[in-house]
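# Overview (structure and organization)
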Amino acid sequence: MSRWAPKVKTIDALARGLAVLDEVRATQGASLHELHVRTGFAKATLLRILATLQSRGLIWRRLADDYFCPAGAPDARGRQAQALDRLGQCAAPALDRLQAEVLWPSDLAVRRASAMIVRETNRNQSYFTIRRDNIGFRINMLHSAVGRAYLAFCAEKEREWVLAALRRSRREGDALAHDSRAVAAMLDRTRRLGYGLRDQRFGGDYDKPRRDQNDRLEALAVPIVAASGRVYGCVNVVWIQGVRSVDQMVEQCLDPLRCAAQAISAGMVGR
């Protein structure tokens, strides 16, 4: 079969756009500077190309590090990894809008085994100077706001699996799992409130109590729930300890936080 060889000029701008898309897909996420180095294109040109690709739904910008990531590009990774990419993609604009409304920063956290991990965050864009947790940062399930919200609202079978894994753990931070009455009371209170709050003894470190390791933060979190009842993950609002009370933050942030969670869930359905 002969190869098609049209005698027409190619479109240089389109070729540059496809080259950038290829790099984003090959790296699975790259900064503007990295793309500049890899392609040799001027940053102003790159920004126009990236804006066009994003408007067409081919890439998205991760808030945590300003990396440009492929949107649903076919690759050899598993279905779960692709679902997490979609969740991050849906969360980025919702977290952007949430921070513009409440000013305080937020994180998207998902369950990995018996802990929560940060999947997306807008802390680096926050007006407030707050400790930045990187993508993949591991969060205690039983003491954090996101962990408590997840456990309280996930399916019973999943919750029992997580609690059984925590009971097998020898880590100091998982010891609460052995107190079934305390865990049940905590989960019941979280369900009645409709959101998760940090344990007051929790200071951000997985194992050490606040008296030994204190990030001086507080947080409240809500689940991101699918129509089927499945919990995709949780989104929180984080604030500086002592600057605002829990009641003040609930009044200011709970409704916008729930709207953000609903928007992320709706985005997952759309994809």
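Check the entry above for the structure.
This report concerns the structure included in the present document. From a predicted model like this one, the values you see are computed outputs, not experimental measurements. (Residues numbered from 1 in each chain as written. Predicted model: local features only at pLDDT ≥ 70, side-chain atom pairs only at ≥ 80, totals over all residues. Heavy atoms only, no water.)

Moving on: the pattern of salt bridges. Tallied over the full model, the rule gives 11 salt bridges. As a salt-bridge pair, Arg38 and Glu23 come within 2.6 Å of each other at their nearest N and O atoms. Here Arg38 is found in helix H2 (residues 32-39), whereas its partner Glu23 is found in helix H1 (residues 12-27), with 15 residues between them in sequence. Judged by relative accessible area, which is 48%, Arg38 ranks as partly exposed. In this structure, the salt-bridge partner of Arg119 is Asp85, at a minimum N-O distance of 2.8 Å. Pair noted here: Arg119 is in strand S4 (residues 115-121) and Asp85 is in helix H4 (residues 79-102), with a separation of 34 residues, a long-range link. Take Asp85: its relative accessible area is 16%, and that puts it in the buried class. (Salt bridge = Lys/Arg side-chain N within 4 Å of Asp/Glu carboxyl O. Helix = DSSP H or I, 4+ residues; strand = E, 2+ residues; numbered from the N terminus. Buried < 20%, exposed > 50% of the residue type's maximum accessible area, 1.4 Å probe, protein only.)

So, on to a nonpolar patch on the surface. Taken together, Ile11, Leu14 and Leu18 make up a surface patch of nonpolar side chains, about 300 Å² in accessible area. Here Leu14 shows up in helix H1. Here Leu14 falls in the partly exposed class, since its relative accessible area comes to 48%. (Patch = residues over 30% accessible without salt bridge, like charges linked within 9 Å, V, L, I, M, F, W, Y side chains within 5 Å. Areas by Shrake-Rupley, 256 points an atom, 1.4 Å probe, with all protein chains shown as cover.)

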